[in-house]
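# Observations on the three-dimensional arrangement
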Amino acid sequence: MKEEGVPLDDLGEKLVERARSGDPEAFKDMVRSFGPRLFSYLAGRLKSREAAEDAYAEVWMRVWKGLASYQSLGKFQPWLFTIAHRLSLDLLEREAGRASVSIDAAPDEEGLPLSERWPSGEPGPEREAMGRQAWEKVSAVLESLPEEQRQVFLLREFGGLSFAEIAAAMDCPLGTALARMRYAVLKLRQELEGFHA
Amino acid sequence: MHSPEHEERCLLYEAGELTEAERSAFAGALAACADCRDFLASIEACHRFCDAAGIAPDAALDARTLEGTPCRRHLSDGGRGRSGSALDRAPAGEPRPPRPRVSPRAAVGLTLAFSFAAVLAVFLIRPSSEPKDLEWSNGLDEKVAAAGEELEDISWSLGVGADSGDIDRELDDLEGAARQLRGVL
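Here goes a summary of the coordinates provided. (Residues numbered from 1 in each chain as written. Chains lettered and ligands numbered in written order. Predicted model: local features only at pLDDT ≥ 70, side-chain atom pairs only at ≥ 80, totals over all residues. Heavy atoms only, no water.)

### Description of the overall build of chain B
Which entries qualify depends on this criterion: The helix count covers DSSP runs of H or I at least four residues long, the strand count covers runs of E at least two residues long, and both are numbered beginning at the N terminus. Relative accessibility under 20% of the residue-type maximum defines a buried residue, over 50% an exposed one, and the middle range a partly exposed one, all with a 1.4 Å probe and only protein chains included. In what follows, residue pairs with any heavy atoms lying within 4.5 Å of each other are defined as contacts.
A count of helical and extended segments in chain B gives seven helices and zero strands. When the elements of chain B are put in sequence order from the N terminus, they spell out α-α-α-α-α-α-α. Across the 185 residues in chain B, those meeting the buried criterion constitute 26%. Long-range pairs, those at least 24 residues apart, make up 24% of the contacts in chain B with a sequence separation of at least 6.

Dropping the structure here:
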């Protein structure tokens with residue numbers, strides 16, 4: 001993944017250094033650069049806009065707190081998404097048993113599914129519409145996946161974690177993480193046949 | 001022969017997580033296996049699809065995140081706050097300046113200095129009028145005042161001033177007079 005020609009992990013490291021040196025714009029840039037993927041990840045995991053928004057703010061708060069002790073090993077994005085993964089686990093455990101509002105199923109006051117009211121984050125109305133449409137499809141597939149497969153898929157596709165990092169975050173063997181991802185890819189392929197991004 | 005392990009290998013190959021040797025070996029197998037190439041294409045399609053998909057947080061959420069989730073510490077404190085981040089105590093986007101660090105020894109010294117100054121101030125800054133009630137003295141001040149008055153009365157009844165020095169001189173004179181009388185007698 002690249003942002004303005006800079007690999008995202010390199011960008012993350014640069015932004016961490018700027019934030020540590022007191023640059024007031026660094027954290028804003030960090031949120032701006034990594035926010036959309038983080039939010040998509042959380043939305044996919046938590047299946048509720050309200051929960052995703054709360055988690056989003058909480059993740060950035062934990063990132064801010066942890067910046068001083070973050071070890072610059074070129075792994076900012078995996079670090080960020082590991083924080084998000086752990087928080088999501090905590091929140092889901094807390095909400096276990098409660099009915100959650102599906103992103104796609106819950107209508108707003110105007111009767112539109114929530115996903116249709118969420119901007120894709122991409123500039124341009126056409127791109128935005130495509131993004132929303134794609135998101136609807138992805139989130140529908142994610143809903144159908146078992147929780148572990150959804151976790152792996154989101155960490156890989158939106159978090160950009162390596163499979164070794166995913167296995168570490170989920171505390172499972174590498175082979176298990178790969179198997180879960182394989183099932184998720186096959187499911188997505190099956191559902192997306194005929195749908196072109 | 002195609003197998004789930006081959007597909008998992010595809011995942012690692014596409015992610016760049018194989019060693020050079022493993023990568024070279026798998027590239028050869030890939031060329032010979034259509035199912036593997038098909039699965040690899042599915043992985044890449046997932047990437048493209050997810051890159052296009054996604055929802056961004058709205059501007060209000062980002063603003064809220066940047067301006068003020070509860071915070072306790074600034075970044076320079078090592079993020080040791082109980083909860084929250086330093087964001088809410090800073091103006092939007094502006095990290096607060098680091099607090100000056102004071103060594104423990106200096107902190108003790110400063111504390112002692114302030115304590116001494118406070119005690120000194122208590123002694124130096126006296127009230128303009130005597131306190132009316134000295135309840136803490138348990139009436140001792142009244143006894144002292146009464147004894148003083150009694151002494152004064154005794155002094156005046158002796159015909160001498162209240163000054164004890166005067167009384168001593170009078171006694172010396174009386175003794176002198178008594179010696180003279182004994183000598184005469």
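### Focus: helix α8 (residues 174-192) of chain A
Put simply, the rule reads: Take the number of residues in a helix, subtract one, and multiply by 1.5 Å to get its expected span.
The terminal C-alpha atoms of α8 of chain A, which comprises 19 residues, lie 27 Å apart, in line with the 27 Å expected from a rise of 1.5 Å per residue. Ala177, Leu178, Ala179, Met181, Arg182, Ala184, Val185, Leu188 and Leu192 of chain A are the residues of α8 of chain A that are buried.

### A look at the packing of α8 of chain A against helix α1 (residues 4-15) of chain B
Applied cut-off: To define axes, lines are fitted to C-alpha atoms, for helices over the stretch in contact only, and angles between the resulting N-to-C directions are given on a 0 to 180 degree scale. For classification purposes, an angle smaller than 35 degrees is called roughly parallel, one larger than 145 roughly antiparallel, one from 65 to 115 roughly perpendicular, and anything else oblique. Under this grouping Gly is polar, as are all residues other than the nonpolar Ala, Val, Leu, Ile, Met, Phe, Trp, Tyr, Cys and Pro and the charged Asp, Glu, Lys and Arg.
Interhelical geometry of α8 of chain A versus α1 of chain B gives an angle of 95 degrees and a closest axis separation of 9 Å. Accordingly, the angle class assigned to the pair α8 of chain A and α1 of chain B is roughly perpendicular. Facing α8 of chain A, whose interface residues are Gly175, Leu178, Ala179, Met181, Arg182, Val185 and Leu186 of chain A, α1 of chain B presents Pro4, Glu7, Glu8, Leu11 and Leu12 of chain B. Residues that form the contact of α8 of chain A with α1 of chain B fall into these classes: eight nonpolar, one polar and three charged.

### Brief notes about the nonpolar core
Threshold: To define a nonpolar core, start from buried Ala, Val, Leu, Ile, Met, Phe, Trp, Tyr and Cys residues and group those joined through side-chain atoms within 4.5 Å.
With 74 residues, the main nonpolar core has Met30, Leu42, Trp60 and Val63 of chain A as its most contacted residues. Residue contributions to this core peak at eleven residues, all from helix α2 (residues 26-46) of chain A.

### Points about the pattern of salt bridges
Residues and elements named next belong to chain A. For clarity, the cut-off: For this analysis, a salt bridge means a side-chain nitrogen from Lys or Arg found within 4 Å of a carboxyl oxygen belonging to Asp or Glu.
In total, this model carries 18 salt bridges over all chains according to the counting rule given. The closest approach of N and O atoms between Arg150 and Glu147, which form a salt bridge, is 2.6 Å. Here Arg150 and its partner Glu147 are both found in helix α6 (residues 147-157), three residues apart, which amounts to about one turn of the helix. Overlapping salt bridges bring together Arg18, Asp23, Asp29 and Arg32 as one network.

### Thoughts on helix α4 (residues 59-67) of chain B
How we decide: The directions from the helix axis to the C-beta atoms are what the arc is built from.
Buried residues of α4 of chain B: Leu61, Asp62, Thr65 and Leu66 of chain B, and no others. Taken end-on, α4 of chain B shows its buried residues confined to a sector of 130 degrees, consistent with a single buried face. Those residues of α4 of chain B that are buried lie in contact with α2 and α3 (49-66) of chain A.

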